[in-house]
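# Report on the structure
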Protein chains: 2
Amino acid sequence: MKLHSANNYNYKYSNRGMGLEADINASNEYYLNNDKAVIYKKPTPITINKVNYHSRSDALITEAHFNTPSTTDYNGVYKGRYIDFEAKETKNKTSFPLNNIHAHQIEHIRKITKLGGIGFIIVRFTTLDETYYLSSDKLLSFIDNKTRKSIPLDYFREKGHLIKHKLRPLVDYLEYVDKYIKEG
Amino acid sequence: MKLHSANNYNYKYSNRGMGLEADINASNEYYLNNDKAVIYKKPTPITINKVNYHSRSDALITEAHFNTPSTTDYNGVYKGRYIDFEAKETKNKTSFPLNNIHAHQIEHIRKITKLGGIGFIIVRFTTLDETYYLSSDKLLSFIDNKTRKSIPLDYFREKGHLIKHKLRPLVDYLEYVDKYIKEG
């Protein structure tokens with residue numbers, strides 16, 4: 001029997017995001033090993049219904065289900081600042097459907113931005129093999145000013161940053177966080 | 001059948017920390033509702049072995065077990081800064097046994113502190129009804145300089161802060177984070 005960690009389980013079974021998620025996890029590991037940033041993917045939130053509790057080290061969960069996440073998947077610290085983001089893949093070639101991000105995740109991004117945290121989304125257009133960084137202020141201004149239910153690719157191209165292909169780390173999103181910090 | 005969220009499950013069954021954890025969760029909710037800070041307890045890390053996957057909204061986990069956490073339980077943002085801490089209760093009246101905190105959690109606190117994050121532990125001596133805030137630098141200097149396997153209560157009293165009893169929020173730990181920020 002092959003084991004799946006809670007972190008990658010959802011993606012595996014829903015057949016989405018595995019590539020980008022794996023790339024970001026590897027990048028986070030690179031940042032961690034090079035003392036650059038400490039950023040982790042949060043465990044998948046679940047509700048536990050039944051447990052066989054033999055001992056502290058031998059508890060077996062026998063019934064549980066997945067919860068809707070109320071925050072984003074990734075957070076951590078870089079240069080003392082609070083970093084918080086969501087990463088998503090889409091097969092769509094022209095836009096990113098906003099229903100990929102839950103409403104309370106958007107509200108979470110709004111709150112952490114208001115409190116001085118650095119929030120953003122990373123979106124990979126898998127068919128184009130293009131990955132974009134979009135800061136929370138650009139994301140929120142789109143959501144607050146438009147009635148469209150998807151963000152056009154052009155918006156990412158104009159307001160965001162195309163993340164360059166690299167070997168180490170694979171998805172060097174902190175490069176764009178640096179830009180964001182410099183621009184204030 | 002009563003449902004338990006993954007967040008409080010461990011504590012309930014291990015009969016530890018429920019009081020302090022509930023107090024901190026309520027305090028975090030107060031901070032959140034008052035736009036003061038966004039700080040959450042992370043979901044309990046688990047490994048999922050078996051799932052009945054009928055549909056995306058109807059996946060039932062039928063076998064899983066708890067993982068050892070590699071980070072602390074709580075993190076978030078306050079005044080743009082990264083906040084990261086662990087909260088523990090002890091029935092011990094004279095010291096806090098360090099085996100309550102996993103070695104990799106200590107290393108996590110060391111790393112986030114090095115990167116400018118604000119780390120600390122909150123320890124409640126339940127028998128005394130005293131709750132202490134101890135900053136990561138004081139925690140790490142104890143660990144690095146002593147050979148003792150528990151932190152004496154006196155160390156908390158001298159190097160930490162006794163958290164005052166309050167109604168809102170119940171455990172106002174940000175008061176001591178403010179002190180820490182002011183003192184640089």
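Before reading on, note that the structure itself is shown above.
To keep things clear, this report deals only with the structure shown in the data block.

Cut-off values and rules
Residues numbered from 1 in each chain as written. Chains lettered and ligands numbered in written order. Predicted model: local features only at pLDDT ≥ 70, side-chain atom pairs only at ≥ 80, totals over all residues. Heavy atoms only, no water. Helix = DSSP H or I, 4+ residues; strand = E, 2+ residues; numbered from the N terminus. Buried < 20%, exposed > 50% of the residue type's maximum accessible area, 1.4 Å probe, protein only. Lys, Arg positive; Asp, Glu negative; His and termini not counted. Salt bridge = Lys/Arg side-chain N within 4 Å of Asp/Glu carboxyl O. Polar contact = N/O pair within 3.5 Å; in protein donor to acceptor, adjacent residues only side chain to side chain. Axes fitted to C-alpha atoms, helices over the stretch in contact; angles between N-to-C directions. Parallel < 35°, antiparallel > 145°, perpendicular 65-115°, else oblique. Left-handed = near helix turned anticlockwise from the far one by under 90°. Contact = heavy atoms within 4.5 Å. Phe/Tyr/Trp six-rings, centres within 6.5 Å; stacked < 30°, edge-to-face > 60°. Pairing = 2+ DSSP bridges.

What follows is about the side chain of E89(A). Residues and elements named next belong to chain A. By the secondary structure assignment, E89 is in strand β6 (residues 81–90). Although E89 is buried, it forms no salt bridge, and the closest oppositely charged side chain is R124 at an N-O distance of 4.1 Å. Looking at E89, its side chain comes within polar contact range of the main-chain nitrogen of L20, at 2.7 Å.

Residues and elements named next belong to chain A. Taken as a whole, this structure holds 24 salt bridges over all chains when the rule is applied. Between R124 and D23 there is a salt bridge, with its nearest N and O atoms 2.9 Å apart. Here the residue R124 occupies a position in strand β8 (residues 118–125), and D23 occupies one in helix α2 (residues 18–33), the gap between them amounting to 101 residues. By sharing partners, the salt bridges in this structure join K164, K166, D172 and E175 into a single network.

What follows deals with the packing of helix α3 (residues 103–114) of chain A against helix α4 (residues 136–145) of chain A. How two helices sit against one another is set out by the angle between their axes and by the gap between those axes. Residue and element names in this part refer to chain A. It is at 10 Å that the axes of α3 and α4 come closest, and there the two elements cross at 125 degrees. With respect to each other, α3 and α4 are oriented oblique. As α3 packs across α4, the resulting crossing turns out to be left-handed. Facing I106, I109, R110 and T113 of α3, the residues of α4 in contact are S136, L139, L140, I143 and D144.

What follows deals with the environment of T47(B). All names here are of chain B. Note on placement: T47 falls in strand β3 (residues 46–53). Along the primary structure T47 and E63 are separated by 16 residues, whereas in three dimensions their C-alpha atoms are 8.8 Å apart. Within the local environment of T47, its side chain forms a polar contact with the side chain of N67, the two groups lying 2.7 Å apart.

Here we come to the environment of Y40(A). Checked against the element boundaries, Y40(A) lands in strand β2 (residues 38–41). Residue classification places Y40(A) among the partly exposed residues on the basis of a relative accessible area of 28%. It is 6.4 Å that separates the C-alpha atoms of Y40(A) and G76(A), two residues lying 36 residues apart in sequence. Not counting residues up to four positions away in its chain, the partners in contact with Y40(A) are L32(A), D73(A), Y74(A), N75(A), T71(B) and H108(B).

Moving on to the environment of P45(A). Within the fold, P45(A) resides in the loop between β2 and β3 (46–53). Distance in space between the C-alpha atoms of P45(A) and N25(A) is 18 Å, their sequence separation being 20 residues. Apart from residues no more than four positions distant in its own chain, P45(A) is found in contact with F66(A), N67(A), P69(A) and P43(B).

All right, on to the packing of aromatic side chains then. This structure, assessed with the given rule, holds 27 aromatic pairs over all chains. Between Y133(A) and Y176(A), the ring centres sit 5.8 Å apart and the planes meet at 35 degrees, which makes this aromatic pair tilted. Here Y133(A) is found in strand β9 (residues 130–135), whereas its partner Y176(A) is found in helix α6 (residues 174–182), with 43 residues between them in sequence. In this structure, Y133(A) and Y176(A) share a single accessibility class: buried. With a centroid separation of 4.8 Å and an interplanar angle of 55 degrees, the aromatic rings of F85(B) and Y173(B) are classed as tilted. Linking F85(B) in strand β6 (residues 81–90) with Y173(B) in the loop between β11 (161–162) and α6 (174–182), this pair joins segments that are 88 residues apart in sequence. The buried category is assigned to Y173(B), whose relative accessible area is 0%. Chaining the aromatic ring pairs together yields one cluster made of Y30(A), Y31(A), Y74(A), F85(A), F120(A), Y133(A), Y173(A) and Y176(A).

Next up on the list: the pairing of strand β9 (residues 130–135) of chain B. All names here are of chain B. Counting buried positions along β9 yields 6 of 6 residues, so the element is predominantly enclosed. Because side chains alternate across β9, one face comprises the buried residues E130, Y132 and L134, and the other comprises T131, Y133 and S135, equally buried. Connecting strand β8 (residues 118–125) to the next strand, β9, in antiparallel fashion are 4 residues, including D129 with a positive phi near 55 degrees. Direction of pairing for β9 relative to β11: antiparallel, over a ladder of 2 bridges. The residue of β11 that forms the bridge with Y133 is H161.

Interpretation note: all reported values are geometric properties and have no functional meaning in isolation.
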